[in-house]
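Read off the chains here:
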Amino acid sequence: IATLEEKINQMSNQLTEQANVCKEIEGKYHTSEAHAIELERKLKNLDSEYCATEVLRNNLKSDHLKVSLYSFT
């Protein structure tokens, strides 16, 4: 009986350790998920800024060409 009780205690300890590891992994998963969402948000913002900058750059090129053409006429 003592051996069975000892095995039950060992298994109970192992189960508790496994539960703690699972909780830790779950916490890290949620942290990583939140970080990934934040990175996606930043990427979308940077992409929007890039597109706006490209539009401005193209407008400046067009304006520069217009000025160059009017200078020669």
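Scroll up a little and you will see the structure.
Note that this is a predicted model, so its numbers are computed, not measured.

Draft legend 1. View of the pattern of salt bridges. Evaluated as defined, the whole model comprises three salt bridges. The partner of lysine 28 in a salt bridge is glutamate 24, and the shortest N-O contact between them spans 3.4 Å. Pair noted here: lysine 28 and glutamate 24 are both in helix α1 (residues 2–72), with a separation of four residues, about one helical turn. One salt bridge in this structure joins glutamate 38 and arginine 41, with 2.4 Å as the shortest N-O distance. Here glutamate 38 pairs with arginine 41, and both are found in helix α1, just three residues apart, close to one helical turn.

Draft legend 2. Region of interest: the environment of glutamate 17. With respect to the helices and strands, the residue glutamate 17 is situated in helix α1. Taking the relative accessible area as the measure of exposure, glutamate 17 reaches 52% and is therefore exposed. The spatial distance from the C-alpha of glutamate 17 to the C-alpha of alanine 34 is 26 Å, given a sequence separation of 17 residues.

What counts, and at which threshold
- Residues numbered from 1 in each chain as written.
- Predicted model: local features only at pLDDT ≥ 70, side-chain atom pairs only at ≥ 80, totals over all residues.
- Heavy atoms only, no water.
- Salt bridge = Lys/Arg side-chain N within 4 Å of Asp/Glu carboxyl O.
- Helix = DSSP H or I, 4+ residues; strand = E, 2+ residues; numbered from the N terminus.
- Buried < 20%, exposed > 50% of the residue type's maximum accessible area, 1.4 Å probe, protein only.

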